[in-house]
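Summary of structural features
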Amino acid sequence: MTSTRVRRGAHSEGKRSERRLAWMLCAPAALVMVAVTGWPIVYSVYLSLHRYDLRFPGQQEFIGLENYAVVLTNSYWWTAFGVTLFITVVSVAIELVLGMALAITMHRTLLARGLVRTVTLIPYGIVTVVAAFSWFYAWTPNTGYLAEAVTPGSAPLTERAASLAIIILAEVWKTTPFMALLLLAGLALVPDDLLRAAAMDGAGVWQRFVKVTLPVMKPAILVALLFRTLDAFRVFDNIFILTSGANDTSSVSMITYSNLIQGLNLGIGSTMSVLIFIAVAIIAFVFVKLFGTAAPGSSAQGGGR
Amino acid sequence: MAEIVLDKVSKRYPDGALAVSDIDLTVGDGEFVILVGPSGCGKSTTLNMVAGLEDITTGELRIDGERMNERAPKDRDIAMVFQSYALYPHMSVRENMAFPLRLAKAPHEEVRRRVEEAARVLDLTEHLDRRPANLSGGQRQRVAMGRAIVREPKAFLMDEPLSNLDAKLRGQMRTSLSRLQKQLGTTTVYVTHDQTEAMTLGDRIVVLQAGHVQQIGSPQHLYDRPSNLFVAGFIGSPSMNFLTAVVEDGHLRTPLGEVPLTDRVRRHLEAADAPRELIVGLRPEHFEDAALVEEHVREEGRTFTATVDVLESLGSEKYAHFALETEGVRARQLQDLADVTGSADLATGGTAQLVTRLSATSGARENAELTVWFDPDRLVLFDPDSGTNLTYEG
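Residues numbered from 1 in each chain as written. Chains lettered and ligands numbered in written order. Predicted model: local features only at pLDDT ≥ 70, side-chain atom pairs only at ≥ 80, totals over all residues.

Looking at an unreviewed UniProt entry, one finds chain B named Sn-glycerol-3-phosphate ABC transporter ATP-binding protein UgpC, with Streptomyces chumphonensis as its source organism.

What about the overall build of chain A?
Short version of the rule: Secondary structure counts use DSSP, requiring at least four H or I residues in a row for a helix and at least two E residues in a row for a strand, with both numbered from the N terminus. Throughout, the radius of gyration refers to the C-alpha atoms, and the reference size of a globule is 2.2 Å times the residue count to the power 0.38. Exposure criterion: with C-beta atoms placed from backbone coordinates, a residue whose C-beta has 20 or more other C-beta atoms within 10 Å is buried, one with 12 or fewer is exposed, and one in between is partly exposed. Residues are defined as contacting one another if the C-beta atoms placed from their backbone atoms lie within 7 Å.
Along its length, chain A carries 13 helices and two strands. Its C-alpha radius of gyration of 25 Å places chain A more than 25% over the 19 Å reference for a compact globule of 305 residues. Once the C-alpha set of chain A is aligned to its principal axes, its extents read approximately 75 × 55 × 30 Å. By the burial criterion, 32% of the 305 residues in chain A qualify as buried. Across chain A, contacts joining residues at least 24 apart in sequence account for 69% of those joining residues at least 6 apart.

What to know about the overall build of chain B
Looking only at helices and strands, chain B features eleven helices and 20 strands. Structurally, chain B occupies a C-alpha span of about 75 × 45 × 35 Å along its principal axes. Each of the 394 residues in chain B was classed as buried or not, and the buried ones make up 45%. Pairs at least 24 residues apart make up 70% of the contacts formed inside chain B by residues separated by at least 6 positions.

Some details on the domain arrangement of chain A
Note the cut-off: The domain limits used here are those given by an automatic or database domain assignment.
As assigned here, chain A comprises domain 1 (2-38) and domain 2 (66-290). Relative to domain 2 of chain A, the C-alpha centre of domain 1 of chain A lies at a distance of 39 Å.

A look at the domain arrangement of chain B
Residues and elements named next belong to chain B. Going by this rule: Under the scheme applied, nonpolar residues are Ala, Val, Leu, Ile, Met, Phe, Trp, Tyr, Cys and Pro; charged residues are Asp, Glu, Lys and Arg; polar residues are all the others, including Gly.
Domain boundaries in chain B define domain 1 (4-217) and domain 2 (230-382). For domain 1 versus domain 2, the separation of C-alpha centres amounts to 38 Å. Counting residues at the interface gives eight residues for domain 1, matched by eight residues for domain 2. Listed by contribution, the elements that provide at least two residues to the side of domain 1 that touches domain 2 are helix H6 (195-201), strand E9 (204-209) and strand E10 (212-217). Considering only residue class, the side of domain 1 that touches domain 2 consists of three nonpolar, five polar and no charged.

Side note on the packing of helix H7 (residues 160-187) of chain A against helix H10 (residues 218-233) of chain A
Residues and elements named next belong to chain A. Operational definition: Simply put, an axis is a line fit to the C-alpha atoms, just over the touching stretch for a helix, and the angle between two N-to-C directions goes from 0 to 180 degrees. Angular relationships are summarised with four words: roughly parallel below 35 degrees, roughly antiparallel beyond 145, roughly perpendicular across 65 to 115, and oblique for the angles in between. Note on convention: the crossing is left-handed when the near helix lies turned anticlockwise from the far helix by less than a right angle, right-handed when the turn is clockwise.
One way to put it is that H7 packs onto H10 with a least axis distance of 9 Å and a crossing angle of 155°. On the basis of the axis angle, H7 is roughly antiparallel to H10. As H7 runs across H10, the sense of the crossing is right-handed. Residues Glu-171, Thr-175, Met-179, Leu-182, Leu-183, Ala-185 and Gly-186 of H7 lie in contact with H10, whose contacting residues are Ala-220, Ile-221, Val-223, Ala-224, Phe-227, Arg-228, Asp-231 and Ala-232. Here the contact of H7 with H10 is composed, by residue class, of ten nonpolar, two polar and three charged.

Topic: the interface of chain B and chain A
For interface size, the figure often reported is the accessible area lost on association. Facing 17 residues of chain B, the contacting portion of chain A comprises 15 residues. Going through the elements one at a time, strand E6 (78-81) and helix H2 (93-103) of chain B are the ones with two or more residues in the side of chain B that touches chain A. Tallying contributions element by element places H2 of chain B first for the side of chain B that touches chain A, with three residues. Taken together, the residues of the side of chain B that touches chain A sort by class into 13 nonpolar, two polar and two charged.

Some remarks on the UniProt feature "domain: ABC transporter" (unreviewed entry) in chain B
Definition in use: UniProt positions are given in the numbering used here, feature names are shortened, and annotations may be inferred rather than shown by experiment.
Using the residue numbers shown here, the UniProt feature "domain: ABC transporter" (unreviewed entry) corresponds to residues 4-235 of chain B. Helix makes up 36% of residues 4-235 of chain B and strand 25%, whereas the separation of the span's terminal C-alpha atoms amounts to 25 Å.

Focus on helix H4 (residues 137-149) of chain B
Residue and element names in this part refer to chain B. As a reminder, the rule being used: Take the number of residues in a helix, subtract one, and multiply by 1.5 Å to get its expected span.
The terminal C-alpha atoms of H4, which comprises 13 residues, lie 19 Å apart, in line with the 18 Å expected from a rise of 1.5 Å per residue. Within H4, ten of the 13 residues are buried, leaving the element largely enclosed by the surrounding structure. Every buried residue belonging to H4 is among Arg-140, Gln-141, Arg-142, Val-143, Ala-144, Met-145, Gly-146, Arg-147, Ala-148 and Ile-149, and all of these are buried. Each element contacted by the buried residues of H4 is listed here: E6, H2, helix H3 (108-121), strand E7 (155-159) and helix H5 (167-184).

Digging into the packing of helix H4 (residues 113-125) of chain A against H7 of chain A
Packed helices, taken two at a time, are described by the angle between their axes plus the distance between the axes. All names here are of chain A. Viewed as axis vectors pointing N to C, H4 and H7 meet at an angle of 130°, and their least axial separation amounts to 7 Å. With respect to H7, the element H4 is oriented oblique. Classified by chirality, the crossing of H7 by H4 is left-handed. Between H4 and H7, the residues in contact are Thr-120, Leu-121, Pro-123 and Tyr-124 and Trp-173, Lys-174, Thr-175, Pro-177, Phe-178 and Ala-180, respectively. Its residues placed into classes, the contact of H4 with H7 shows seven nonpolar, two polar and one charged.

Section: the sheet that holds strand E16 (residues 302-313) of chain B
Residues and elements named next belong to chain B. For the record, the criterion: Here the rule is simple: two strands pair whenever DSSP picks up at least two bridges between them.
Sheet architecture is open: five strands sit in the order E15-E19-E16-E17-E18, paired in antiparallel fashion. Two strands close off the open sheet at either side, each with one partner strand: strand E15 (287-289) and strand E18 (351-359). Neighbour to neighbour, the strand axes of the sheet diverge by 50° on average, direction disregarded.

Some words on unusual backbone geometry
The omega torsion across Ser-237 of chain B and Pro-238 of chain B is 0°, close enough to zero to call that bond cis. One non-glycine residue, Leu-264 of chain A, lies in the positive phi region at around 60°. Looking at the secondary structure, you find Leu-264 of chain A in the loop between helix H12 (252-262) and helix H13 (266-290). For Leu-264 of chain A, a count of 14 C-beta atoms within 10 Å corresponds to the partly exposed category. Its identity as a non-glycine residue notwithstanding, Ala-86 of chain B has a phi of 50°, on the positive side.

Observations concerning the environment of Ala-131 of chain A
Relative to the assigned elements, Ala-131 of chain A resides in helix H5 (residues 128-138). Beyond its immediate chain neighbours, meaning those up to four positions away, Ala-131 of chain A contacts Ile-126, Ala-170 and Lys-174 of chain A.

Regarding the sheet that holds strand E5 (residues 66-67) of chain B
Paired through their backbone hydrogen bonds, the strands of a sheet run either parallel or antiparallel. Residue and element names in this part refer to chain B. In space, the four strands of this open sheet follow the order E2-E1-E4-E5, with antiparallel pairing throughout. Of all strands in the sheet, those with a lone pairing partner are strand E2 (18-27) and E5, marking the two edges. Relative to E5, strand E4 (residues 58-63) runs antiparallel, the two being bridged by two bridges. Among the inter-strand pairings, Ile-63 is bridged to a residue of E5, identified as Glu-66.

Quick notes on the confidence of the model for chain A
Residues and elements named next belong to chain A. To keep it simple, the criterion reads: Confidence scores here are pLDDT values: one per residue, from the predictor, ranging 0 to 100.
Scored by pLDDT, chain A comes out at a mean of 86, with 92% of its residues at no less than 70. Taken together, the stretch residues 1-6 has pLDDT below 50 and engages in zero contacts with residues farther than four places along the chain or on a different chain. Confidence drops under pLDDT 50 across residues 297-305; counting only partners more than four residues distant or on other chains, this segment forms eleven contacts.

Description of the pairing of strand E17 (residues 317-327) of chain B
Residues and elements named next belong to chain B. The sheet contact formed by E16 and E17 spans five bridges and is antiparallel. Looking at the pairing, Val-310 lines up with His-321 of E17. Hairpin geometry of E16 and E17 is characterised by an intervening segment of three residues between the two adjacent antiparallel strands and by a positive phi of about 90° at Gly-315. Strand direction decides the pairing type here: E17 and E18, joined by eight bridges, are antiparallel. Pairing of Phe-322 across the sheet is with Leu-354, part of E18.

This is the structure in C-alpha cells:
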C-alpha cells in the first residue's frame, strides 16, 4: 500500500512539472497572439466608442454606444449584411454539395490518386485577388470570353443579380477544393466494413450514403461548414475586384473598408469591424454549441456534447 | 434457408494474383460449414464472393438453384457478421438491429417484435437503447449477430466473428453460437483461421491453402484421414508429429524403430507407386507411457526409449517433448505450413522434434529416459514431394 501511495505521489509530481513545462512552451506563442490579435481587438472596441473621423481630428470624443446606434439604424449596413448572408449561405451550400462530390471522387479514385488530388487543389492555390481579376476580365463585355459566350451584348458586372451570381461563382470555384479536402478527411473516417455491412443489410448506394456515410462523418462536415461559413462571412477580395461594391453588392467587410480606409472614419469603421467580430463569434457559437461541432484537435467524437 | 453452391468459383485480381482457384463446394440447407486456413489463403475472399461484396471472376454461385453472380448483395437475402462487427456508431443497439428491417420496409410493429425477440435470445434486452461505443466486446459481437438474425435471411456468412474477443469469452461465444445456429437451422458459412474453432463449430470443414481447397470433410474425418501433409499439420493441437521413414523389405524404418507394414498399407503404397523415402505422421495422443500400457496391448505396439526434453503437465494429461537424434523432415507443404502459421517447429530442417501425450499418472521426468509405447496402426504415411496421404484414400 505504502509503495503505491508513494508512486502515486511521484506520478502527480511528474504530471505537475509536465504541466509547468507545457505552460512555458505555450507562453511565447500566447504572448505573440495577445500582441498581434488581442491588442487590435481591444483598440477597435476603444475606437468604436469614440467619435473619431480623421477628416475632423479635433472633434474626437467619447460618445459611448452612439456609433453602434448609427450603424445599426443605417440601411447601407443592413443591405450589406443581407448581401453577406446571402453570399455566405448560397456559396457554402453549393460548396458543400460540390465539395462532397469531389471528395467522393477523390476517395474512390484508384488511378493516379495523387495527381487527381493535386489538380483538384489548383484553384485553392491561386491567390484570390489574381483569380478575382481573371473572373473580372472574363466577364468584361467585348473582351471577356465568358461575357461573350454567356451574356453577349450586356455587362453582367453592372447588374446586381448577375454580379452577386458571379461573386458567388468566384467564391465557389476558389474554395470548393478546401471543402473537398476537409470532407475527404471525413470520408476516410468511415470504415469500409460499415459500408459493406450496410450493403449486406440491404442498403443501396444512396441509402448507404445518407444513412451511414453522412451520419458517421458528421463531425467532419460540421468542421468544414464552420470553417467555410466563417470565411465566407468575411468575403472581401472577390467583391473588391469584381464590383467594388457597386449596385449594392458590398459585403459587411467591404463597407467597413470603405468607411475605415476610404472614408477615414475610424469610429464608424471600428464599430462595423466589432460588429463583424460579434457576428462571427455568434456563428462559431451556434456551430459549436448547437450543432455540437468538435473544435479541431479535440476528440473525434464531438457530437452531442 | 437455402443451399449454397459454388461451382468452380475463382477469383483473380486485376493485377493477376489468383486469390481463389476453382472452388467446388455445396453447402447443404441448414448446414454449418467452416472455411479454415491461414491468413491469405482466400477464405475471406470466398466469403465475400458469396456475399456479393467481391465479383466472381469465373465460375458460378447458386443459392437455391438461382445464379447469383450478378446480384447485388442486398438482393441475395443473406446476412453477414464482420470481424470488426461493423456496428453503426450513430445508432442505438435497437436501431442497429432494426436497420435491415427498416430498409426492407417492414411494418413498424413487426420490426419492434423481431428486434425484441432477437434481443431476448441474445440477452441484449437491457442494452437496447445504448450506443455501440458503450458496449463491451462480447455485447457488440452479440449485437452484430442480432442484426444478422432479425432478418431471418436465407444464410449467414460470418467472417472471423469471434477473433476480436479474449480467449475465455471466445469459448463461451463459440458454444452459444453453435446452439443458436442449431436452433435457427440457418445455412451458415463461417470463416476462421483458428482450427479449434473450425473443429468445434462445423458440420463440415473446408481447408484452404493459397486459394486451393485442400480437403473438405467432417471435423473427425479431417482429423483421422487428412488428405495431405498440410491438412494433417494444420488440424489438431498440438500438431501431428512428422518424421522421415524409409521402406525396406516390407518394413518401415523410422527414427522410432522398425515398424512392419500392414498388407493394407503395402497395397496402398504399391498402388500409389510411392517412393522409398516417406514421411510418417503420428499424432501426440497415439503415444503412451509404456509403463502404463497393459502387457497384452503392449505386445501389439512398438516402443522406443529416449530422453524427455521438456515435460508439460496440464493436470489432466502430460505432454512429453523429445529431441530425436535424427534429421527433421523436409517437405514443401510443411514449409508452407510453417511459413503461414509462423511456427518454426514444423519442418525446421534441424533435429526432429516429437511431442507425445501421456496420461497424467505417467512418471515421466525431464532429462530422464522414458520408454514410450505407440500403435503402428495409427501411423499415417505421406509422399514427401506431393504431400499426399498414402495410407488412406480421401
